[in-house]
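Secondary and tertiary structure notes
Take a look at the letters that make up each chain.
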Amino acid sequence: HMLQQELRQAKSIENVYNSAYWHLAQQDYTLAEMRTKLERKTENQEWIETVLGDLVGKNYIKSDFDFAVRFAESAFHNEQGKSAIARKLRARGVGQKEVAEAIEQVMFDEGIDQFELAASRLSSTFQNFHNTTKEKLYSQFTSKGFSRAEIDHALALHPEKDTLRSKL
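Note that the structure is a prediction, hence the values are computed from the model and not measured.

So, about helix 3 (residues 45-57). Along an α-helix, residues three or four positions apart point the same way, because every turn accommodates 3.6 residues. Taking 1.5 Å per residue as the helical rise, helix 3 with its 13 residues ought to reach 18 Å, and the 18 Å between its terminal C-alpha atoms agrees with that figure. Within helix 3 the residues assigned to the buried category are Ile48, Val51, Leu52 and Leu55. For helix 3, the angular spread of the buried residues around the axis is 95°, confining them to a single face. More than 90 degrees from the buried face of helix 3, the exposed residues found are Glu46 and Gly57.

Structure (structure tokens):
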């Protein structure tokens, strides 16, 4: 297998800007993620801080809080629970405080109820339970950010709940 080609090192701050713009054209990055990308491009910390400061100033990179709000809105719309959203944001380098505040704000602004969210996701995911077990379902929904209580609630509302079998 081929070794990853050594990244061509920046010869000027323009190269650092170009690298940053190229990455941002692919997708949104957090500040931490962009810093990591630029540190592969140059060891010049001054260039990195200048470019990052500029990108934040021009709103090309959102503050961690704004990034987390947009991310949480999108994830809740895809019926993900808050613990999964928090885990993913933390993995992307967003601080605990920003994560918690952003999730709280989105849940408040959009009136998100995790119990309703779990019920909605369950009914859209499963018409019936012929192809799964109770254990698989709990594991799947836990990884999507729902608590045991929320999953229990969603199941209680499902018309086919009595067909869900346990492996035990």
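What follows deals with the packing of helix 5 (residues 82-91) against helix 6 (residues 96-109). In the contact formed by helix 5 and helix 6, the axes pass within 10 Å of each other and the chain directions differ by 145°. Pair helix 5 / helix 6 crosses with right-handed handedness. Note on element contacts: helix 6 touches helix 5 through Gln96, Val99, Ile103 and Met107, opposite Lys82, Ile85, Ala86, Leu89 and Arg90. Considered class by class, the residues forming the contact of helix 5 with helix 6 number six nonpolar, one polar and two charged.

In this model, Asn59 sits at a positive phi of 70°, which is unusual for a non-glycine residue. Tracing the backbone through its elements, the reader meets Asn59 in the loop between helix 3 and helix 4 (64-77). Positive phi, close to 55°, is recorded for Glu79, a residue that is not glycine. As for its placement among the helices and strands, Glu79 is situated in the loop between helix 4 and helix 5.

In this section: the packing of aromatic side chains. In the structure shown here, the tally under the stated rule is five aromatic pairs. Judged by centre distance (5.5 Å) and plane angle (80°), the rings of Tyr21 and Tyr60 are edge-to-face. Pair noted here: Tyr21 is in helix 1 (residues 13-26) and Tyr60 is in the loop between helix 3 and helix 4, with a separation of 39 residues, a long-range link. Judged by its relative accessible area of 31%, Tyr21 falls in the partly exposed class. On the basis of an interplanar angle of 40° and a centroid distance of 6.0 Å, the ring pair of Phe141 and Phe146 is categorised as tilted. These aromatic residues form a ring-pair network of at least three members: Tyr17, Tyr21 and Tyr60. Across the ring face of Tyr138, the terminal group of Arg148 is positioned such that the distance to the ring centre comes to 4.1 Å.

Formed by 30 residues in total, the largest nonpolar core has its most connected members in Phe76, Ile103, Leu122 and Leu137. Here the element with the most residues in this core is helix 4; it accounts for six residues. Ignoring sequence-local partners within four residues, the contact set of Leu137 consists of Leu122, Phe126, Phe129, Thr132, Ile151, Leu155 and Leu164. Among the nonpolar cores identified, the runner-up in size contains 14 residues, and Ile13, Met34, Leu38 and Val51 belong to it.

How each quantity is defined
- Residues numbered from 1 in each chain as written.
- Predicted model: local features only at pLDDT ≥ 70, side-chain atom pairs only at ≥ 80, totals over all residues.
- Heavy atoms only, no water.
- Helix = DSSP H or I, 4+ residues; strand = E, 2+ residues; numbered from the N terminus.
- Expected span 1.5 Å × (residues − 1).
- Buried < 20%, exposed > 50% of the residue type's maximum accessible area, 1.4 Å probe, protein only.
- Arc of directions from axis to C-beta.
- Axes fitted to C-alpha atoms, helices over the stretch in contact; angles between N-to-C directions.
- Left-handed = near helix turned anticlockwise from the far one by under 90°.
- Contact = heavy atoms within 4.5 Å.
- Nonpolar A, V, L, I, M, F, W, Y, C, P; charged D, E, K, R; others polar.
- Phe/Tyr/Trp six-rings, centres within 6.5 Å; stacked < 30°, edge-to-face > 60°.
- Lys NZ or Arg CZ within 6 Å of the ring centre and 35° of its normal.
- Core = buried A, V, L, I, M, F, W, Y, C linked by side-chain atoms within 4.5 Å.

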